[in-house]
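Each chain is listed here by its residues.
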Amino acid sequence: EIGLDIFLSKKLNEARNQIDQLIKKGFVTISNKKKAKSGLKLQLGQEIFVTLPEVTKKDPLLIDFDVEIIYEDDSLLVINKPSDLIVHTAPSVKETTLVDWLKLKNISLSTISGEERHGIIHRLDKGTSGLMVVAKTNEAHILLSKQLQDKTMGRLYLALIDLPLKNDTSVIQPIGRNPNNRLKQGIIQNGKYAKTNFLKLAISDNEKYELISAKLFTGRTHQIRVHLEFLNRHILGDVLYGFQEKIDKIKRVNLHSYYLYFIHPITNKYIDFCVNLPDDMHLFCENNFEMEIVNEKINPKFLLDSFNKFN
């Protein structure tokens, strides 16, 4: 026997808490049952009906920012998220989010992830800039979520750190909420499996800082930041995870989602996207690094070939 919530979580590639919300709000019905419950044990031959909610529109919000759309079709869009923008709302969030912006633009969005996360397949931290894919249909959402799990979708990040890595390295350490600080995640032995590969790219002129790339194999909250802290390294501006130096022009965590690739859920064609370093990170590189080396090393082909050598 298998519980209803577990069954739907596997079929729809969604977190159990999101499935629980669908069930509690009456969007799931089962043959011969008046009301579905999350822990209901399913029996052979039962039919499950899932009616996904429509996107709800709230009162107009004050939105004083714009988001660059890199690519868009009927199934999905790829955006370049600016730093200092939260992806979706939560009980503690009072400011306007990326999801609010998407709704205000009347962009069609998938609804599987629940009202707060319409269209969101994977998220970026508030301070992190760069590429994200957003699902416009539930079909695309399910298929793209599967690609996140089977690694058909790949994400490469660029980061500036406060001390060069000793070597290219792979970190496999479980991540969970830090028991001493609820704002942080940490290496927790009973946490969720997490793997990140780190690639050395360029060392600054004074040999103090380094530009690195990170490839995610899992998508845990703050994963790159936690795994760097495990190596006793910190992203410039990341005071939450131990960055201590005072650099006046560092206003945010210097982490950028640089390169994204996946199989289009409808056409089945391989597509990839790359966005330049944002102005703040580019300026820091210009002032502290040999740009000829930086430009050579952040070439997507060089990055992909280098990460392939890990395997």
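Let me sum up the structure you'll find in this document.

So, how was this worked out
- Residues numbered from 1 in each chain as written.
- Predicted model: local features only at pLDDT ≥ 70, side-chain atom pairs only at ≥ 80, totals over all residues.
- Heavy atoms only, no water.
- Helix = DSSP H or I, 4+ residues; strand = E, 2+ residues; numbered from the N terminus.
- Rg over C-alpha atoms; globule rule 2.2 N^0.38 Å.
- Buried < 20%, exposed > 50% of the residue type's maximum accessible area, 1.4 Å probe, protein only.
- Areas by Shrake-Rupley, 256 points an atom, 1.4 Å probe, with all protein chains shown as cover.
- Phe/Tyr/Trp six-rings, centres within 6.5 Å; stacked < 30°, edge-to-face > 60°.
- Lys NZ or Arg CZ within 6 Å of the ring centre and 35° of its normal.
- Patch = residues over 30% accessible without salt bridge, like charges linked within 9 Å, V, L, I, M, F, W, Y side chains within 5 Å.
- Salt bridge = Lys/Arg side-chain N within 4 Å of Asp/Glu carboxyl O.
- Lys, Arg positive; Asp, Glu negative; His and termini not counted.
- Charge placed at Lys NZ, Arg CZ, Asp CG, Glu CD.
- Pairing = 2+ DSSP bridges.
- Contact = heavy atoms within 4.5 Å.
- Axes fitted to C-alpha atoms, helices over the stretch in contact; angles between N-to-C directions.
- Left-handed = near helix turned anticlockwise from the far one by under 90°.
- Core = buried A, V, L, I, M, F, W, Y, C linked by side-chain atoms within 4.5 Å.
- Arc of directions from axis to C-beta.

### Here's the deal with the overall build of the protein
When helices and strands are tallied, the protein shows eight helices and 13 strands. Over its C-alpha atoms the protein spans a radius of gyration of 21 Å, differing by no more than 12% from the 19 Å that the globule rule assigns to 311 residues. Its C-alpha atoms put the protein at 70 × 45 × 40 Å along the principal axes. Across the 311 residues in the protein, those meeting the buried criterion constitute 53%. For the protein, the accessible area works out to roughly 16,300 Å², and carbon and sulfur atoms hold 48% of it.

### Some details on the packing of aromatic side chains
Summed over all chains, the structure comprises five aromatic pairs. Residues Tyr 209 and Phe 284 carry aromatic rings whose centres are separated by 5.4 Å and whose planes lie at 70 degrees to one another, so their mutual orientation is edge-to-face. Of this pair, Tyr 209 sits in the loop between strand 10 (195-203) and strand 11 (210-216) while Phe 284 is found in helix 6 (residues 279-288), placing the two residues 75 residues apart along the sequence. For the pair formed by Tyr 209 and Phe 284, the shared burial category is buried. Each member of the aromatic cluster is reached from another via a ring pair, and the members are Tyr 71, Phe 262 and Phe 273. Between the NZ or CZ atom of Lys 195 and the centre of the ring of Phe 217, over which it lies, the distance is 4.4 Å.

### With respect to a negative patch on the surface
On the surface, a cluster of negative charge is made up of Asp 205, Glu 290, Glu 292 and Glu 296. Within the fold, Asp 205 resides in the loop between strand 10 and strand 11.

### Notes on the side chain of Lys 195
For Lys 195, the location among the structural elements is in strand 10. Asp 168 provides the closest opposite charge to the buried, salt-bridge-free Lys 195, at an N-O distance of 14 Å.

### Some details on the pairing of strand 6 (residues 154-161)
Of all eight residues making up strand 6, eight are buried, and the element is well covered by its neighbours. The alternating pattern of strand 6 places Gly 154, Leu 156, Leu 158 and Leu 160 on one face and Arg 155, Tyr 157, Ala 159 and Ile 161 on the opposite face, and all of these are buried. Relative to strand 12 (residues 255-263), strand 6 runs antiparallel, the two being bridged by six bridges. By the bridge assignment, Tyr 157 is partnered in strand 12 with Ser 257. In terms of strand pairing, strand 6 meets strand 11 through six bridges, oriented antiparallel.

### Quick word on unusual backbone geometry
Even without glycine at this site, Glu 207 takes up a positive phi of about 60 degrees. Here Glu 207 lies in the loop between strand 10 and strand 11. On the accessibility criterion, Glu 207 (62% relative accessible area) is exposed. Residue His 222 is not a glycine yet carries a positive backbone phi of 60 degrees. As for its placement among the helices and strands, His 222 is situated in the loop between strand 11 and helix 5 (223-230). Given the relative accessible area of 14%, His 222 is considered buried.

### With respect to the pattern of salt bridges
Applying the stated criterion to the full structure yields 10 salt bridges. As a salt-bridge pair, Asp 305 and Lys 301 come within 2.8 Å of each other at their nearest N and O atoms. Of this pair, Asp 305 and Lys 301 both sit in helix 8 (residues 300-308), four residues apart, which is roughly one turn of the helix. The class for Lys 301 is exposed, based on a relative accessible area of 57%.

### Some details on the environment of Met 281
Following the sequence through the fold, Met 281 ends up in helix 6. Classification of Met 281 by relative accessible area gives buried; the value is 0%. For the pair Met 281 and Val 253, spaced 28 residues apart in sequence, the C-alpha separation works out to 9.9 Å. Once residues lying within four places of it in the same chain are set aside, the contact partners of Met 281 are Leu 158, Ala 159, Leu 160, Arg 252, Asn 254, Leu 255 and His 256.

### Describing the packing of helix 1 (residues 4-12) against helix 2 (residues 16-24)
Describing two packed helices takes the angle between their axes plus the distance from one axis to the other. At a minimum axis separation of 9 Å, helix 1 and helix 2 run at an interaxial angle of 115 degrees. Crossing of helix 1 against helix 2: the hand is right-handed. Counted together, Leu 4, Asp 5, Ile 6, Leu 8, Ser 9 and Leu 12 of helix 1 and Arg 16, Ile 19, Asp 20 and Ile 23 of helix 2 form the full contact between these two elements.

### So, the nonpolar core
The nonpolar side chains of soluble globular proteins are, as a tendency, buried together. Leu 98, Leu 102, Phe 198, Ile 224, Leu 228 and Ile 235 are the most contacted members of the largest nonpolar core, which totals 29 residues. Of all the elements in the fold, those that place two or more residues in this core are strand 4 (76-81), helix 3 (98-104), strand 5 (129-135), strand 6, strand 11 and helix 5. Here this core takes four residues from helix 3, the largest share from any one element.

### Overview of helix 6
Restricting attention to buried positions, one finds in helix 6 the residues Met 281, Phe 284, Cys 285 and Asn 288. Buried residues of helix 6, viewed axially, fall in a sector of 100 degrees; they line one side. Exposed residues on helix 6 whose side chains face more than 90 degrees from its buried face are Asp 279 and Asn 287. Looking at the buried side of helix 6, the elements it contacts are strand 6, strand 12 and helix 7 (291-297).

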